[in-house]
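Per-entry structural report
Spelled out, the chains give:
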Amino acid sequence: MGHLSHELDPIDLQKSAIIFSPHEDDETLGCGGTLLLKKKLGAAVKVVFMTDGCRSHSHLISKNELRLIRAQEAVSACEVLGIDKKDVIFLNFEDGCLSQHQEIAIDKVAQILLAYQPEQVFIPYHKEGHLDHTITNSIVLTAVRMHGLDVTVYEYPVWFWFHWPWVSLWGKKWEIKSAIKNTISAGFGLRLLKDFRTSVSIGNVLHLKRAALEKHQTQMTQFLPDPTWSTLRDVSQGRFLDCLLQEREFFYRYEQLNENDLLNRNR
């Protein structure tokens, strides 16, 4: 992938952007290094969190408490990425329920896009396999098309990395089933080579991406002393996280898609 992809031009890194993150941590996992480089080059960057992340550990902590904690973590992580608190926006749709509020979300996203007129938008990859991620993709693209906005789209993978052979097919049953399902449904090998043709070398700022990710303590550490508190480090014995902490970040880059393009893309 590194050899076949094209390095993002420094001129593009300087362009204004809005990153749409399904949950508090996806902004760092999917494109944290790229955001760091954009801010170092003086780009205007805003981050929009679509959901409140309240369900990640709701069996151990109340949704209201987790909602507040994850918002604080997100602001801290963005500060490490060079993004000021005033440039962080929370839409606060309930975690896992974004699909139930698409019309309202499209309107809110459109208002943000029209207010800030970014040159680029960063959204989750359309074949992520996680509902909040794929719905975020759909919501943003719908808002872009509705208003005919002239933007370049960068789709970033997060849960798309949860495929064999990068993650093991042994361990927890849900992980094995999920990895097999994702691998079969996404046709991952061909799509990786076909779609992810843009990359950004982040080796010089990888330590800062890691530092930003550590701010998401509820996702990275056993926040409460309970053995059932799962972390990103636990997923597939750490191999999933390793995929997201490479020295390159990969993107599916394109200009605004029309309806026919969207139909062909999703086949």
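Above this text sits the structure in question.
Residues numbered from 1 in each chain as written. Predicted model: local features only at pLDDT ≥ 70, side-chain atom pairs only at ≥ 80, totals over all residues. Heavy atoms only, no water.

**A look at the nonpolar core**
Across soluble globular proteins, you tend to see nonpolar side chains buried next to one another. Membership of the largest hydrophobic core comes to 71 residues, with the highest contact counts inside it found for F20, M50, V109 and L113. Setting aside residues up to four positions removed in sequence, V109 forms contacts with F20, M50, L91, I139, V140 and A143. (Core = buried A, V, L, I, M, F, W, Y, C linked by side-chain atoms within 4.5 Å. Buried < 20%, exposed > 50% of the residue type's maximum accessible area, 1.4 Å probe, protein only. Contact = heavy atoms within 4.5 Å.)

**Quick word on the sheet that holds strand β4 (residues 88-93)**
Strand order in this open sheet of eight strands is β1-β7-β8-β6-β5-β2-β3-β4, and the pairing throughout is mixed. Strands at the two margins of the open sheet, each flanked by one partner only, are β1 (6-7) and β4. Two elements, strand β7 (residues 198-201) and strand β8 (residues 248-255), share four bridges in a ladder whose sense is antiparallel. Each bridged residue has a counterpart across the sheet, and for T198 the counterpart in β8 is F251. Across the face of the sheet, helix α3 (residues 63-80) comes into contact with β3 (45-51) and β4 while running at roughly 155° to β4. (Pairing = 2+ DSSP bridges. Helix = DSSP H or I, 4+ residues; strand = E, 2+ residues; numbered from the N terminus. Axes fitted to C-alpha atoms, helices over the stretch in contact; angles between N-to-C directions.)

**Some remarks on the pairing of β3**
Of all the seven residues making up β3, seven are buried; the element is thus mostly covered by neighbouring parts of the structure. As defined by bridge partners, strand β2 (residues 17-21) adjoins β3 across five bridges and the pair is classed as parallel. If you follow F20 over to β3, its bridge partner there is V48. Taking the sense of rotation as the criterion, the β-α-β connection linking β2, helix α2 (residues 26-40) and β3 turns out right-handed. Here β3 runs beside β4; their pairing, made up of four bridges, is parallel. Paired with F49 across the strands is F90, a residue of β4. (Right-handed = clockwise from strand over helix to strand, strands pointing away.)

**A short note on the packing of aromatic side chains**
Applying the stated rule across the entire model yields 12 aromatic pairs. Ring centres 4.8 Å apart and planes at 10° place the aromatic pair F122 and Y154 in the stacked group. Of this pair, F122 sits in strand β5 (residues 120-124) while Y154 sits in strand β6 (residues 152-156); the two residues are 32 residues apart in sequence, bridging distant segments of the chain. F122 sits in the buried class, given a relative accessible area of 1%. Put simply, the rings of Y125, F160, F196, Y252 and Y254 pair up and form one aromatic cluster. (Phe/Tyr/Trp six-rings, centres within 6.5 Å; stacked < 30°, edge-to-face > 60°.)

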